[in-house]
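Analysis of the macromolecular model
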Amino acid sequence: MIAYIARRLVTLIPILLLISVVSFVVIELPPGDWVTFQIENLRMSGVELGQDEADRLTRQYGLDKPLHERYLRWMENMIIYGNLGWSFQWNRPVNDLLSERIPLTMAISVASLLLSWAIAIPIGIYSATHQYSVWDYIFTFIGFIGLATPGFLVALVLAWFIFTTTGFSPLGLFSSQYVDAPWSIEKFLDMLKHLILPLFIIGLGSTGTTIRVMRANLLDELKKQYVVTARAKGLSEVKLLLKYPVRMAINPIISTVGWVLPGLVSGEVLVSIVLSIQTTGPLLLRAVLAQDMYLAGSIVMILSTLTVIGTLLSDILLAAMDPRIRYGGVKK
Amino acid sequence: MTSTSTNDKLIEVRDLRTYFYLYEGIVKAVDGVSFQIRQGRSLGVIGESGCGKSVTAQSIMRIAPEPPAKHVGGEILLHLGPNNNSEVIDMLKLDPRGQRIRALRWKEISMIFQEPMTSFSPLFTIGNQIGEAIELHLPGLSKKQVRERTIDLLGRVGIPQPKRLIDSYPHQLSGGMRQRAMIAMALSCNPRLLIADEPTTALDVTIEAQILELIANLQREFNMALMYISHDLAVVSEMSDEIMVMYLGLVMEQAETGEIFDNPLHPYTQALWRSIPRIEGGQDRLAPISGALPNPYNLPKGCPFYSRCEHRMPGLCDAVRPPMIEVSPNHKVSCFLYKTEP
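Note that the coordinates shown come from a computational prediction; the quantities given were computed from them, not determined experimentally. (Residues numbered from 1 in each chain as written. Chains lettered and ligands numbered in written order. Predicted model: local features only at pLDDT ≥ 70, side-chain atom pairs only at ≥ 80, totals over all residues.)

**Regarding the packing of helix α6 (residues 134–148) of chain A against helix α8 (residues 185–222) of chain A**
In a packed pair of helices, the relevant descriptors are the angle between the two axes and the axis-to-axis distance. Residues and elements named next belong to chain A. Look at α6 against α8: their axes get within 7 Å of each other, and the N-to-C directions meet at 135°. As the angle between them shows, α6 and α8 are arranged oblique. Our pair here, α6 against α8, has a crossing hand that is left-handed. Each of Phe 139, Gly 143, Phe 144, Gly 146 and Leu 147 in α6 lies in contact with α8, whose residues at this interface are Leu 204, Gly 205, Thr 207, Gly 208, Thr 209, Ile 211 and Arg 212. A per-class count over the contact of α6 with α8 returns 5 nonpolar, 6 polar and 1 charged. (Axes fitted to C-alpha atoms, helices over the stretch in contact; angles between N-to-C directions. Helix = DSSP H or I, 4+ residues; strand = E, 2+ residues; numbered from the N terminus. Parallel < 35°, antiparallel > 145°, perpendicular 65-115°, else oblique. Left-handed = near helix turned anticlockwise from the far one by under 90°. Contact = placed C-beta atoms within 7 Å. Nonpolar A, V, L, I, M, F, W, Y, C, P; charged D, E, K, R; others polar.)

Structure, rendered in structure tokens:
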């Protein structure tokens, strides 16, 4: 097992290098750069910039250097100093911008993932064991609504509904009186109150999917011979259900942890914008629009790295759960 | 029938009817089956696929999926106690998820299934899954005792190095080894009746012979009753004291093994016998049974074998279902060609 993890970690290195190249190039691909974006903005507001001025700006931001040179400098800073570069748009280091947002984003996302599992897995189990019962149909109906309704729409409707009925504004992370206040119990409780809605909405989107996946997998497993064996042995229904088919049916959900992790950090962009929560999602969107290349590149890089790490994590989890994966199918 | 003071009847099935209520209609998988198995004896159940032999076995343990299955009639009487006379339980009256039936399963009646590849869960070691049954039905044993008992069982079913293989996962064992482990699990709580539902169908012929010999030896050793289900006539004749021939949910004929092979009465049994190749026979072609199985959703009113029978009597066989009659002691047949002994 340890050898397996070590082997997987070593293979990560070339993948991560490749990812860094791709992230950098992808951000460079659209025509123009930060300076042309600025010049365009100025022209819109009626200020014409001369060619000299434009060249000076390009030199100042280091955008006159060839692509590979800028990439190497970016990598050098990243690997040696852990410095992800400078955000033109915010005029601040990328590290500062991200460190403000990533913890919050991760917290919201992990919590909403756990919430959606806590809701979806029991419902999926119930639906599969009571197939075609009234509650199965009800859960299926709700699940499909959850699947089909865009999160931002739910966010808009619920935010409006909560505000009109209770007068509490669930937008943002803090009520206005706490925004600049030092940390206190009240501020923390206020934050929790603001977090319920985004947790619920972000969790809801994946809950529908997870219910369907869990139900379909479990239905497959329930037909397997080993379930009948366990029943014939005299195990109680609940015990045999949890020990045998549920353990098998949950595998595909675990293997999706890998894809969920980057989604966690990019957050639900639209939901975050609607509820004006400062997660990394809206940050990435603005950075890409403004061609703020180091910021955008860094976020893409972090997301891709998380995808790779997430995949590794789910592989390790699966190996821990399923002996057939652990032993690689090879008889010793 | 027997005049001994102790009752040697272990299980009596009377007029069992198990129907499947499906979307497409009702399938009368078992439609009035009666038999009994005595202590230490073996009953072979033979028939084509879909004749209800597996459903009969599942009904005895109440593991037929309910719904869609429903036991619409009959009794399955299990005689409990050392002399089979302390208590009689009707398995069909118990709650299939209840405490009582769970205590009887595996302890009194255990089962070997057709598919050794899937009858163990791939996620747990075979030792874990066998030990689970022991812990459930023989409470009071320590973890160490359970493990020792499992190792002993694995050794007895011919698994080499049981001390090592107890910790192996099902996918690490071959099909034959897995079926041996399954047999070890079936014997783990000293059941009084072992149901073997085509246990060798998925195995190759050399392994099949070993497994059959193993089951026969263990049956004697543990003094178990055996219900052996197969479509393979040679295997059933090898394994059973008595044979029951089923066709579309009904018993066609039932007799001692020697008697039914020497003197088959029912046209279906005769046709089955003719379809076995014989070493000493000539170069004749095998005689297949003409026609096909009737639609299971819409069985004929009379004898289900009517459309394929060589001796059919229109007006009689297709109108009334022939009753089961005992033409000679312990030889029963369901056919209008025969009359009860005067």
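**A closer look at the nonpolar core**
Core analysis: the biggest nonpolar cluster contains 108 residues, and Leu193(B), Met227(B) and Met246(B) have the highest contact counts within it. For this core, the element with the most residues is helix α6 (residues 175–187) of chain B, which contributes 8 residues. In this view, Leu193(B) contacts Leu10(B), Ile11(B), Ile37(B), Glu108(B), Ile109(B), Met224(B), Ala225(B) and Met227(B); residues no more than four positions away in its chain are not counted. Counting residues in hydrophobic clusters, the runner-up holds 19 residues, among them Leu98(A), Leu284(A), Ala287(A) and Leu306(A). (Core = buried A, V, L, I, M, F, W, Y, C linked by C-beta atoms within 7 Å. Buried ≥ 20, exposed ≤ 12 C-beta atoms within 10 Å, placed from the backbone.)

**Topic: the packing of helix α5 (residues 94–129) of chain A against α8(A)**
Residue and element names in this part refer to chain A. Running from amino to carboxyl end, α5 crosses α8 at an angle of 35°, the nearest separation of the two axes being 6 Å. Crossing handedness for the pair α5 and α8: right-handed. When the residues that make up the contact of α5 with α8 are grouped by side-chain class, the tally is 19 nonpolar, 9 polar and 1 charged.

**A short note on the pairing of strand β1 (residues 9–22) of chain B**
All names here are of chain B. With 10 bridges joining them, β1 and strand β2 (residues 25–38) adopt antiparallel strand pairing. Across the sheet, Ile 11 pairs through a bridge with Ile 37, a residue of β2. Taking the residues that link successive antiparallel strands as the turn, the β1-β2 hairpin has 2 residues. Bridge count between β1 and strand β4 (residues 69–80): 8 bridges; the pairing is antiparallel. By the bridge assignment for β4, Arg 17 is matched with Gly 73. (Pairing = 2+ DSSP bridges.)

**Some remarks on the interface of chain B and chain A**
Chain B puts 24 residues into the contact, and the matching count from chain A is 19 residues. Every element with two or more residues in the side of chain B that touches chain A is listed here: α2 (99–104) and α3 (126–137) of chain B. Sort the elements by how many residues they give to the side of chain B that touches chain A and α3(B) lands first, with 4 residues. Along the lines of polarity and charge, the residues of the side of chain B that touches chain A split into 12 nonpolar, 6 polar and 6 charged.

**Details of the sheet that holds strand β9 (residues 242–247) of chain B**
Residues and elements named next belong to chain B. Spatially, β6-β7-β8-β3-β9-β10-β12-β11 is the arrangement adopted by the 8 strands of the open sheet, whose pairing is mixed. Each edge of the sheet is formed by a strand with only one pairing partner; in this case those strands are β6 (109–112) and β11 (325–328). Going from strand to strand, the sheet's axes swing by 20° on average, the running direction of each strand aside. Across 5 bridges, strand β7 (residues 193–197) lies against strand β8 (residues 225–230) in parallel orientation. Note on β8: the bridge partner recorded for Leu 194 is Leu 226.

**Some thoughts on the sheet that holds β4(B)**
Residues and elements named next belong to chain B. The strand order across the open sheet formed by 4 strands is β2-β1-β4-β5, and the pairing between neighbours is antiparallel. On the outer flanks of this sheet lie β2 and β5 (87–90), each paired with one strand and no other. Neighbour to neighbour, the strand axes of the sheet diverge by 10° on average, direction disregarded. Bridge count between β4 and β5: 4 bridges; the pairing is antiparallel. Its bridge partner lying in β5, Leu 77 is registered against Asp 90.

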